[in-house]
Amino acid sequence: MSVAIVTGAGGLIGSEAAIFLMDKGIDVIGVDNDMRAYFFGQEASTRWRVGELERQYRRFTHKAADIRDFEAISRIVAEVAKDLVLVVHAAAQPSHDWAAREPFTDFGVNAQGTLNMLEAVRQKAPHAAFVFTSTNKVYGDTPNALPLVELETRWEIDRSHPYFARGIDETMSIDRSTHSLFGASKVAADVLVQEYGRYFGMNTACFRGGCLTGGSHSGTELHGFLAYLMKCTVTGRPYTVFGYKGKQVRDNIHSHDLVNALWTFAQDPKPARVYNIGGGRFANVSMVEAIELCQQISGNKLSWTYSDTNRIGDHIWWISDISAFQQDYPQYRLTYDIEATLEDIHQAGKKRWLADA
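Residues numbered from 1 in each chain as written. Predicted model: local features only at pLDDT ≥ 70, side-chain atom pairs only at ≥ 80, totals over all residues. Heavy atoms only, no water.

Visitor: Outline the packing of aromatic side chains, listing residues and values.
Guide: For the structure on display, the rule yields 17 aromatic pairs. Taking 5.9 Å as the distance between ring centres and 40 degrees as the angle between the ring planes, the aromatic pair formed by Tyr-228 and Tyr-239 counts as tilted. With Tyr-228 in helix α9 (residues 225-235) and Tyr-239 in strand β10 (residues 239-242), the pair connects residues that are 11 residues apart, well separated along the chain. Three or more aromatic residues joined by ring pairs make a cluster, and in this case those are Phe-207, Phe-265, Tyr-275, Phe-325, Tyr-329 and Tyr-332. The ring of Phe-200 has Arg-122 lying over it, and the distance from NZ or CZ to the ring centre is 4.5 Å. Above the ring of Phe-164, the side-chain terminus of Arg-281 is found at 4.8 Å from the ring centroid. (Phe/Tyr/Trp six-rings, centres within 6.5 Å; stacked < 30°, edge-to-face > 60°. Helix = DSSP H or I, 4+ residues; strand = E, 2+ residues; numbered from the N terminus. Lys NZ or Arg CZ within 6 Å of the ring centre and 35° of its normal.)

See the structure below:
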């Protein structure tokens, strides 16, 4: 019997990973204590998703543990240590703005929680692959110093720049930039994951994601850009665009494509790997372009306003270069473009959003 532990199992990536792994014949221990409801309120609760997993999958076991509790995490790992093949660490406090409200909570979840997971696995099951959903926010606002050009509906990097063809790679510095406290706590976690790979020889990987999205996302105002945008468009809830004329660009990777990348790594793991992962040139969109697509798909008009104040540490333009991962795993391909991702979000969420409205 093979077992995987998935933290944040009720969240977007955690739940997608759990289903993906169970379909591969792997039993999943899902660790989730619904901290997302504490961060963002009941509309962002993941309880509904955990309930679905428990009802629909006999291979799924839920553990309502807090990753900040080392003893609880250590017990969970010890129970399945001999059969543990993979840890997907997706639990996090994910918001720039929220982190500034409670810095100790943010750092405790993102940094201390990651250290707890790493140390428990090192002590009990060092043979297991360990994949961490890091973030492109570890680069802080360094991307904002790139030579950007304003176009009609988006900011774009100058065509002569090396990043134009494929996006930003892992050589970008994480120093001398404003990260937000969220970005700083994720930097700490990211470096810990790398160090456990280098120092202890564990098979660890940091996947520095752009916007992670998909139909299972419990999107809310402070986190979950595309899911929350579509939710507002469907329900008539007003939406605020923050800064950069609404032309800020994000690449977006569907949760299925990200989980497939995590699984691909787990089949042939290597120590201390760092990968930028996102939609790249295949799937990216500006805010005003995304609004138009949401309106087209839903058939509704979004009620939105604009604020000149951008979020601290926010990127003007981000497109991930995923070629480092594809060089190590040349069989990997993205499958969801922006339109397909938004269609999935709309189809999966519409009924639930209208029922809750």
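Visitor: How would you sum up the state of the cysteines? Please name residues and give values.
Guide: Considering all chains together, one arrives at 0 disulfides under this definition. Considering cysteine sulfurs only, Cys-211 is the nearest to Cys-206, which forms no disulfide, with 19 Å between them. (Disulfide = S-S within 2.5 Å.)

Visitor: How would you summarise the pattern of salt bridges if you had to cite specific residues and measurements?
Guide: With the rule as written, the count across this model stands at 19 salt bridges. For the salt bridge of Lys-247 with Glu-150, the shortest nitrogen-to-oxygen distance reads 2.9 Å. Note that Lys-247 is positioned in the loop between β10 and β11 (249-254) and Glu-150 in strand β6 (residues 148-150), a separation of 97 residues in sequence. Its relative accessible area of 13% is what places Lys-247 among the buried residues. Across the pair Asp-328 and Arg-273 runs a salt bridge, and its minimum N-O distance is 3.7 Å. On the criterion of sequence distance, the pair formed by Asp-328 in helix α12 (residues 323-328) and Arg-273 in strand β12 (residues 273-277) is long-range, its members being 55 residues apart. Ionic contacts of the salt-bridge type, sharing partners, join the residues Arg-154, Glu-156, Arg-281 and Glu-289 into one network. (Salt bridge = Lys/Arg side-chain N within 4 Å of Asp/Glu carboxyl O. Buried < 20%, exposed > 50% of the residue type's maximum accessible area, 1.4 Å probe, protein only.)

Visitor: Provide a residue-level description of the side chain of His-254, including the pertinent values.
Guide: Note on placement: His-254 falls in strand β11. Within the local environment of His-254, its side chain forms a polar contact with the side chain of Asp-344, the two groups lying 2.8 Å apart. Non-local contacts of His-254, meaning those with residues more than four positions away in its chain, are made with Glu-16, Thr-213, Gly-214, Gly-215, Tyr-336, Thr-341 and Asp-344. (Polar contact = N/O pair within 3.5 Å; in protein donor to acceptor, adjacent residues only side chain to side chain. Contact = heavy atoms within 4.5 Å.)

Visitor: Before we move on, can you summarise the packing of α9 against helix α11 (residues 287-298) with the specific residues and values?
Guide: Contact geometry for α9 and α11: axes closest at 10 Å, N-to-C directions at 45 degrees. Considering the angle they form, α9 stands oblique to α11. At the point where α9 passes α11, the crossing takes the right-handed sense. Together, Phe-225, Leu-226, Leu-229, Met-230, Thr-233 and Val-234 of α9 and Met-287, Ala-290, Ile-291, Cys-294, Gln-295, Ile-297 and Ser-298 of α11 make up the contact between the two elements. (Axes fitted to C-alpha atoms, helices over the stretch in contact; angles between N-to-C directions. Parallel < 35°, antiparallel > 145°, perpendicular 65-115°, else oblique. Left-handed = near helix turned anticlockwise from the far one by under 90°.)

Visitor: Give a detailed account of the nonpolar core, specifying residues and quantitative values.
Guide: In this structure, Leu-21, Phe-207, Ile-277 and Phe-325 are the most contacted members of the largest nonpolar core, which totals 37 residues. Among the secondary structure elements, those contributing two or more residues to this core are β1 (3-7), α1 (12-23), β4 (84-89), β5 (129-135), β8 (204-209), α10 (255-267) and β12. Here this core gets 8 residues from one element, more than from any other, and that element is α1. Each residue touching Leu-21, except ones within four places of it in the same chain, is listed here: Ala-4, Val-6, Ile-26, Val-28, Leu-86, Val-88 and Trp-263. (Core = buried A, V, L, I, M, F, W, Y, C linked by side-chain atoms within 4.5 Å.)

Visitor: Which residues make up the sheet that holds strand β3 (residues 60-63), and what values go with them?
Guide: Strand order in the open sheet formed by 7 strands is β3-β2-β1-β4-β5-β8-β12, and the pairing between neighbours is parallel. Each end of this open sheet is capped by a strand with a single partner; those strands are β3 and β12. For this sheet the average axis-to-axis angle between neighbouring strands, irrespective of direction, equals 20 degrees. Both β1 and strand β2 (residues 27-31) contribute to a ladder of 5 bridges, which runs parallel. Residue Val-6 lies in a different strand from β2, and its bridge partner there is Gly-30. (Pairing = 2+ DSSP bridges.)

Visitor: Give me the lowdown on α10, citing residues and values where you can.
Guide: The end-to-end C-alpha distance of α10 is 18 Å, a good match for the 18 Å that 13 residues give at a rise of 1.5 Å each. Judged by how many residues are buried, α10 sits mostly within the fold: 10 of 13 residues are covered. Of the residues making up α10, those classed as buried are Ser-255, Asp-257, Leu-258, Val-259, Ala-261, Leu-262, Trp-263, Thr-264, Phe-265 and Ala-266. (Expected span 1.5 Å × (residues − 1).)

Visitor: Kindly report on unusual backbone geometry, identifying the contributing residues and their values.
Guide: Even without being a glycine, Ser-180 presents a positive backbone phi close to 75 degrees. Within the fold, Ser-180 resides in helix α8 (residues 180-200). The exposure class of Ser-180 is buried, given its relative accessible area of 12%.

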